[in-house]
Amino acid sequence: MRHGKKFNHLGRTAAHRKAMLSNMASSLILHKRITTTVAKAKALRKYVEPLITRAKNDTTHSRRMVFSYLQDKESVTMLFNEVAEKVATRPGGYTRIIKTGNRLGDNADMCIIELVDFNELLLGETKEEKKTTRRSRRGGKKSGEAKEATATEAKAEKKAAKEEKKEEAPEEPKAEAAAEPEAPAADEEKKSEE
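Summarised in this report is the structure supplied together with it.

Rules used in this analysis
- Residues numbered from 1 in each chain as written.
- Predicted model: local features only at pLDDT ≥ 70, side-chain atom pairs only at ≥ 80, totals over all residues.
- Heavy atoms only, no water.
- Patch = residues over 30% accessible without salt bridge, like charges linked within 9 Å, V, L, I, M, F, W, Y side chains within 5 Å.
- Areas by Shrake-Rupley, 256 points an atom, 1.4 Å probe, with all protein chains shown as cover.
- Salt bridge = Lys/Arg side-chain N within 4 Å of Asp/Glu carboxyl O.
- Lys, Arg positive; Asp, Glu negative; His and termini not counted.
- Charge placed at Lys NZ, Arg CZ, Asp CG, Glu CD.
- Helix = DSSP H or I, 4+ residues; strand = E, 2+ residues; numbered from the N terminus.
- Buried < 20%, exposed > 50% of the residue type's maximum accessible area, 1.4 Å probe, protein only.
- Phe/Tyr/Trp six-rings, centres within 6.5 Å; stacked < 30°, edge-to-face > 60°.
- Lys NZ or Arg CZ within 6 Å of the ring centre and 35° of its normal.
- Contact = heavy atoms within 4.5 Å.
- Pairing = 2+ DSSP bridges.
- Axes fitted to C-alpha atoms, helices over the stretch in contact; angles between N-to-C directions.
- 1 Å grid on protein atoms, 1.4 Å probe; cavity = no way out; pocket = protein on both sides within 12 Å on 5 of 7 lines; lining within 4 Å.
- Points joined across faces, edges and corners; volume = space filled by probe spheres on them.
- Nonpolar A, V, L, I, M, F, W, Y, C, P; charged D, E, K, R; others polar.

### Re a positive patch on the surface
Reasoning step 1: On the surface, a cluster of positive charge is contributed by K6, K42, R45, K46 and K99.
Reasoning step 2: The element contributing the most residues to the positive patch is helix α2 (residues 38–55), with 3 residues.
Reasoning step 3: Positionally, R45 belongs in helix α2.
Reasoning step 4: We classify R45 as partly exposed; its relative accessible area is 33%.

Structure follows, in structure tokens:
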């Protein structure tokens, strides 16, 4: 019986599973994001997050322990030099799984697993939000006058834009209207000559 055993074997032997997770962890560390199935990504998260936690403590022993899992010198070096610096303040949760739908061939549930601190798009959005959310609720004469000044400036700009549109719009129909009467006059002159 397998009561309480939550380990996903992924349909592989122990050696195959260990080699696959080691390879996927190395690829994740080197490339910062990989595309895989959801089941493999969840297994990889349990495999790689303890290694990242161990990389925060840069000692010879921890490097050797991580190398025993990854079996790749380049990924171990990048993990301890580049990744460990970025995740130094994070207390866990170093990876993010984003589901991308089903694979075309076998309808497998696919996802992207990435290192959280290396997604520049999401990091940029969070920084912008922090800047805009900081506002003071205190309103003094200066802030009230500033709001009124900006409101009057905005109204003046709108009026100027409307005036420009009005000036441009009537000129075009006038030119067309002037061109239309000349054409019938020319037709009348031709008829009178005949």
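### Observations regarding the packing of aromatic side chains
Reasoning step 1: Counted under the stated rule, the structure contains 1 aromatic pair.
Reasoning step 2: The side chain of K86 reaches across the aromatic face of F118, ending 4.8 Å from its centre.

### Remarks on the environment of A84
Reasoning step 1: Take A84: it is sitting in helix α4 (residues 73–86).
Reasoning step 2: By relative accessible area, which is 9% here, A84 ends up buried.
Reasoning step 3: Sequence separation between A84 and I52 is 32 residues; the distance between their C-alpha atoms is 6.8 Å.
Reasoning step 4: Those residues in contact with A84 that sit more than four places away from it in its chain are A55, K56 and L79.

### Considering the side chain of T37
Reasoning step 1: Looking at the element boundaries, T37 is found in strand β1 (residues 33–37).
Reasoning step 2: Owing to a relative accessible area of 13%, T37 belongs among the buried residues under this scheme.
Reasoning step 3: The residues contacting T37, other than those within four sequence positions of it, are R103, A108, D109, M110 and C111.

### Description of the sheet that holds strand β2 (residues 95–102)
Reasoning step 1: Reading across from one edge, β1-β3-β2 is the order of the 3 strands in this open sheet, with antiparallel pairing throughout. The open sheet has two edge strands with one neighbour each: β1 and β2. On average, each strand axis in the sheet is inclined to that of its neighbour by 25°, with strand direction left out of account.
Reasoning step 2: Taken together, the 7 bridges between β2 and strand β3 (residues 109–115) define a ladder with antiparallel strand orientation. Looking across to β3, one finds that K99 is bridged to C111.

### Considerations on the layout of surface pockets
Reasoning step 1: Size it by volume and the largest pocket reaches roughly 270 Å³.
Reasoning step 2: Lining the largest pocket are K6, F7, N8, A14, R17, K18, L21, A39, K42, A43, K46 and Y47.
Reasoning step 3: Among the elements of the structure, α1 (14–31) and α2 are those that each provide at least two residues to the lining of the largest pocket.
Reasoning step 4: Within the lining of the largest pocket, the residues separate by chemical class into 6 nonpolar, 1 polar and 5 charged.

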